[in-house]
Amino acid sequence: MDKLQIQGGTPLEGEVRISGAKNATLPIIAAALLADDPVTIGNVPHLHDVTTMIELLGRMGVSVTIDEHMKIEIDPSTIRDHVAPYELVKTMRASILVLGPLVARFGSADVSLPGGCAIGARPVNIHVAGLQAMGADISIEGGYIRARAGRLQGARLVLDTVTVTGTENLLMAAVLADGETILENAAREPEVVDLANFLIAMGAKIEGAGTDKIVVQGVKKLHGTHYEILPDRIEGGTYLVAGAMTGGNVRIKRTRPEHLDAVTAKLQEAGAKVGVGDTWIEVDMRGKRPRSVDVRTAPYPAFPTGMQAQFAALNTIADGVGTIIETIFENRFMHMLEMRRMGAEIRLEGNTAIIKGVQKLTAAPVMATDLRASASLVLAGLVAEGRTDIERIYHIDRGYEAIEEKLAQLGAQIKRVPN
Ligand code: EPU
């Protein structure tokens, strides 16, 4: 298995182009199952999770082709069965996103229960309860969610907790249901809006995506379309923190600045000069040490849990004491323990991490445990004295396209080596 080797200490300078959003691509690929004709999707990031989603559709008999620019074409008409097997679901929880489309379009789905993962228990009870309220007959058998239905019926669904993939699954189910569905307490994440826009491009009738109340008028069928995925806000935010932490100057291009408001506000609090254009954001921390910031994760538009680990990394070398509170996932602190091994001063109390900035981290061999945790270890490696080796980087490849190339382009001394 490969590892990343980083020689720390270089301020990052330059521009980096942001890829399509992983967490929009995954539901949009699943949503292609709803169409009667082929769909094409552009700006698809070249990521391991995307490959897994494509493989999942392929296993069902769906024809998927990819060109050299990562434009994919999906033809759901060749589907043979409606099964998402354990061996794929266990590698990627987002496989649960095929549940809603399969039940709505084919009246049948056998999807392995995802189980827990490195960042928490992550139940899917809200996905299941919503589909049941729309008339699906659902049982759990042999570790699988077995769902059967005639045409789903529109319903008013009040989601217990704000859930991103839960909202997406129920939205995908509602577009082909009979009558009106109202999703209350819906997730407002930009990726939910991107999915809704894709569904609308296929002929769905949806209002209110991006607010906590989404109203869907079911239609009988959806047609093919072409759609371009929105830029990845978490990838973009990660490069901005890299610029700030290393005392550099980084501009991210092809982004949607409005999706990163909570993140750029924190970077300003940390002392960075932030410039914003229509499609770019620039962070300038030249000649300065960042100040510690307090962070509390919450659903969009508040500060994203996907950026928590990166700001923890920033706090490790910042001036002062910063508190990080994680309210979404109960176990998303594994990076803290690894960063301690690099000399970070971190105290953990439940879902709170109190980080006292030190002048310098020192390089150490560390291990990636989940996607965003891995990103924070890369950031720590970029500022540490000496050479940091990061193992288990398949986690990074799940969500960051060509990370070592993009960082090297900004001047980082980083390479991928076989272990
Ligand atoms: N929850 C329930 N029951 C459910 C569903 C969720 O209790 O049926 C709880 C979860 O346990 C959690 C909270 O609701 O405490 C929110 O979880 P959510 O369902 O929103 O998370 P998710 O949909 O599984 C997506 C992203 C995550 C991102 C979170 C939060 C995708 C594929 N994944 O996960 O992305 O951190 O929303 O914004 O969209 C990542 O990219 O690294 C990643 C983990």
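Everything that follows concerns the structure shown earlier in this document.
Computed from a predicted model, the values in this text were never measured in an experiment.

**A look at the site of the ligand**
Asn125, Thr163, Val164, Thr165 and Ile328 are the nearest of the 21 residues found near the ligand. Note that an oxygen atom of the ligand is positioned 3.3 Å from one of the backbone N or O atoms of proline 123. A distance of 2.8 Å is found between an oxygen atom of the ligand and a backbone nitrogen or oxygen belonging to isoleucine 126. In isolation the ligand exposes 830 Å². Once the protein is present, 86% of that is buried. Of all elements in the fold, only helix H1 (22–31), helix H5 (125–133), helix H6 (164–174) and helix H12 (371–383) reach the threshold of two or more residues within the shell around the ligand. Top contributing element to the shell around the ligand by residue count: H5, with three residues. Across the shell around the ligand, the residue classes break down as nine nonpolar, seven polar and five charged.

**Let's talk about the pattern of salt bridges**
Using the criterion set out here, one finds 23 salt bridges in the structure. For glutamate 235, the salt bridge is made with lysine 406, and the minimal N-O distance between the two is 2.7 Å. Residue glutamate 235 is found in helix H8 (residues 233–245), and its partner lysine 406 is found in helix H14 (residues 403–409); the two are separated by 171 residues along the sequence. In this structure, glutamate 269 and lysine 266 form a salt bridge, with 3.1 Å as the shortest nitrogen-oxygen distance. Of the two residues, glutamate 269 and lysine 266 both sit in helix H9 (residues 261–269), three residues apart, roughly one turn of that helix. A relative accessible area of 40% places glutamate 269 in the partly exposed class. Classification of lysine 266 by relative accessible area gives buried; the value is 16%. Residues joined by salt bridges that share partners form a network here, namely Asp2, Asp397, Glu404 and Arg416.

**Points about the packing of H8 against helix H10 (residues 308–316)**
For the pair H8 and H10, interaxial distance at closest approach is 10 Å and the crossing angle is 5°. Here H8 lies roughly parallel to H10, going by the angle between them. Residues Ile234, Thr238, Val241, Ala244 and Met245 of H8 form the contact with H10, whose own contacting residues are Gln310, Phe311, Ala313 and Leu314. Of the residues that constitute the contact of H8 with H10, the class distribution is seven nonpolar, two polar and no charged.

**Focus: the sheet that holds strand S21 (residues 352–356)**
The strand order across the open sheet built from four strands is S18-S19-S21-S20, with neighbouring strands paired in mixed fashion. The open sheet is flanked by strand S18 (295–296) and strand S20 (345–349), the only strands paired with a single partner. In this sheet, strand S19 (residues 321–325) lies alongside S18 in parallel orientation, the contact comprising two bridges. If you follow valine 295 over to S19, its bridge partner there is isoleucine 324.

**Some words on the sheet that holds strand S9 (residues 144–148)**
Judged by pairing direction, the sheet is mixed, and its four strands sit side by side in the order S6-S7-S9-S8 without closing on themselves. Pairing within the sheet leaves two strands with one partner each, and these edge strands are strand S6 (83–84) and strand S8 (137–141). For S8 and S9, the ladder comprises five bridges, and the chain directions are antiparallel. Counted as the bridge partner of serine 139 is arginine 146 from S9.

**Re the side chain of serine 19**
Mapped onto the elements of the fold, serine 19 is located in the loop between strand S2 (13–17) and H1. Assessed through its relative accessible area of 6%, serine 19 is described here as buried. Within polar-contact distance, the side chain of serine 19 engages the side chain of glutamate 401 at 2.5 Å. When sequence neighbours within four positions are dropped, the list of residues in contact with serine 19 reads Pro45, Leu230, Pro231, Asp232, Glu235, Glu401 and Lys406.

**Observations regarding unusual backbone geometry**
Cis geometry marks the peptide bond from tyrosine 300 to proline 301; its omega dihedral reads 10°. Along the chain, proline 301 falls in the loop between S18 and H10. A positive phi is found at asparagine 185, a non-glycine position, where the angle reads about 60°. Relative to the helices and strands, asparagine 185 is located in the loop between strand S11 (180–184) and helix H7 (190–201). You can call asparagine 185 partly exposed: its relative accessible area is 28%. Backbone geometry places arginine 392, a non-glycine residue, at a positive phi of 60°. For arginine 392, the location among the structural elements is in the loop between strand S23 (387–391) and helix H13 (394–397).

**Details of the pairing of S23**
Of the pairings in the sheet, the one linking strand S1 (residues 2–7) to S23 comprises four bridges and is antiparallel in character. Paired with leucine 4 across the two strands is isoleucine 390, which belongs to S23. As for the winding sense of the linkage, the β-α-β connection from strand S22 (residues 366–367) through H12 to S23 is right-handed.

**Considerations on the side chain of threonine 369**
Looking at the secondary structure, you find threonine 369 in the loop between S22 and H12. Note on threonine 369: relative accessible area 17%, which makes it buried. If we ignore the near neighbours within four places in the chain, the residues touching threonine 369 are Ala118, Met334, Ser374 and His395.

Basis of the calculations
- Residues numbered from 1 in each chain as written.
- Predicted model: local features only at pLDDT ≥ 70, side-chain atom pairs only at ≥ 80, totals over all residues.
- Heavy atoms only, no water.
- Near = heavy atom within 4 Å.
- Polar contact = N/O pair within 3.5 Å; in protein donor to acceptor, adjacent residues only side chain to side chain.
- Areas by Shrake-Rupley, 256 points an atom, 1.4 Å probe, with all protein chains shown as cover.
- Helix = DSSP H or I, 4+ residues; strand = E, 2+ residues; numbered from the N terminus.
- Nonpolar A, V, L, I, M, F, W, Y, C, P; charged D, E, K, R; others polar.
- Salt bridge = Lys/Arg side-chain N within 4 Å of Asp/Glu carboxyl O.
- Buried < 20%, exposed > 50% of the residue type's maximum accessible area, 1.4 Å probe, protein only.
- Axes fitted to C-alpha atoms, helices over the stretch in contact; angles between N-to-C directions.
- Parallel < 35°, antiparallel > 145°, perpendicular 65-115°, else oblique.
- Contact = heavy atoms within 4.5 Å.
- Pairing = 2+ DSSP bridges.
- Right-handed = clockwise from strand over helix to strand, strands pointing away.

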